[in-house]
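Given next are the chains, with one letter for each unit.
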Amino acid sequence: MKQQPVKFTFCTRAEAQACRALVKGIVQVVSQWIVRQQLLDDLDLLLTEACANAVRHAYPPDSPGCVEIAVKLLPGKAVVCSISDWGEGFRQCPLDLQKPIPLCPPEAESGRGLYIISNLVDKFAILQKDNKNTLRVTINLGSEAWAASA
Amino acid sequence: MGGLSVEQQGDILHLGVDGELTQQVVPAIRKQCDKLLEIGVFTHLVVDLSGVPFIDSSGIGLLVSINSRLKGGGKHMLLYRPSDQAVKTLDLVQLLDFFTIIHTEDELLTVVGS
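Residues numbered from 1 in each chain as written. Chains lettered and ligands numbered in written order. Predicted model: local features only at pLDDT ≥ 70, side-chain atom pairs only at ≥ 80, totals over all residues. Heavy atoms only, no water.

**Concerning the packing of aromatic side chains**
Applying the stated rule across the entire model yields three aromatic pairs over all chains. Here the aromatic residues A:Phe8, A:Phe10 and A:Trp33 are joined through ring pairs into a cluster of three or more. In this structure, B:Lys75 is placed above the aromatic ring of B:Phe42, and the distance from its NZ or CZ to the ring centre is 4.5 Å. (Phe/Tyr/Trp six-rings, centres within 6.5 Å; stacked < 30°, edge-to-face > 60°. Lys NZ or Arg CZ within 6 Å of the ring centre and 35° of its normal.)

Encoded structure:
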């Protein structure tokens, strides 16, 4: 029987503690469907990095807005995550997605987040519509990564 | 949220980090480290990461920052017993060779002894 997609959407404030707690919760939820621990670890890291970007860049420091994480599970096929904010984000830091995200020099004390994300996923896109900035990533997953009941 | 423990043995300063090393805690840990590094008299800083189950790019940036600061002063930093997640993340950003990473006490004694 063809499995239906499963979708979750979560929101929290663009603050480090709130985002980290949310990401840990999401990974816990997703672990009901995905059994490959490596993938769960990758999801944990990439969502943490995506949220950290929003916390750092999306809103003024004294007025954190909302971060939304939408997760779509396509059993037997893929996980699609969309991390969104309604701040300035990528408008201030436009990316050329025609090229791979470069890795900063080893001595750099910041700037590794997007590189990490781009290397943990199969597809990476940035969408901007109205005031909403979305980082959308897709990880393709074969059937062996999913729980038998997924 | 975890914290830091500090112990000095001769010229070796041991810094134990407890808890996740992420954006949330990095600023506070950086402040504590700044004070330690200012007043400390040591040749080697051993950062014990065995109590760090998760590190992100903010945590990595902190380690790079401390490493750079110590190198500038002729001191050495060692990362001791990083978790599997920390090793994978450091590998992902191609920093496994940038740091001196020690996995066992025997290795540590060999490195600091030399």
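**A few points about the environment of A:Tyr115**
One can find A:Tyr115 in helix α4 (residues 113-120). It is 8.5 Å that separates the C-alpha atoms of A:Tyr115 and A:Pro100, two residues lying 15 residues apart in sequence. Look past the residues within four positions of A:Tyr115 in its chain and what remains in contact with it is A:Ile101, A:Pro102, A:Leu103, B:Leu92, B:Val93 and B:Gln94. (Helix = DSSP H or I, 4+ residues; strand = E, 2+ residues; numbered from the N terminus. Contact = heavy atoms within 4.5 Å.)

**With respect to the interface of chain B and chain A**
At the interface, 23 residues of chain B touch 24 residues of chain A. Across the chain B to chain A interface the summed buried area is about 1900 Å²; carbon plus sulfur atoms make up 57%. In this structure, the connection of chain B to chain A is made through two salt bridges. Among the elements of the structure, α2 (57-72) and α3 (84-92) of chain B are those that each provide at least two residues to the side of chain B that touches chain A. Examining the composition of the side of chain B that touches chain A, we find that seven residues originate from one element, α2(B), more than from any other. Across the side of chain B that touches chain A, the residue classes tally to eight nonpolar, 11 polar and four charged. (Buried area = accessible area lost by both parts, 1.4 Å probe. Salt bridge = Lys/Arg side-chain N within 4 Å of Asp/Glu carboxyl O. Nonpolar A, V, L, I, M, F, W, Y, C, P; charged D, E, K, R; others polar.)

**Focus: the pairing of strand β1 (residues 3-9) of chain B**
For β1(B) and strand β2 (residues 12-18) of chain B, the ladder comprises seven bridges, and the chain directions are antiparallel. Its bridge partner being in β2(B), B:Ser5 is matched across the sheet by B:Gly16. (Pairing = 2+ DSSP bridges.)

Functional significance is not addressed by these values, which are geometric in nature.
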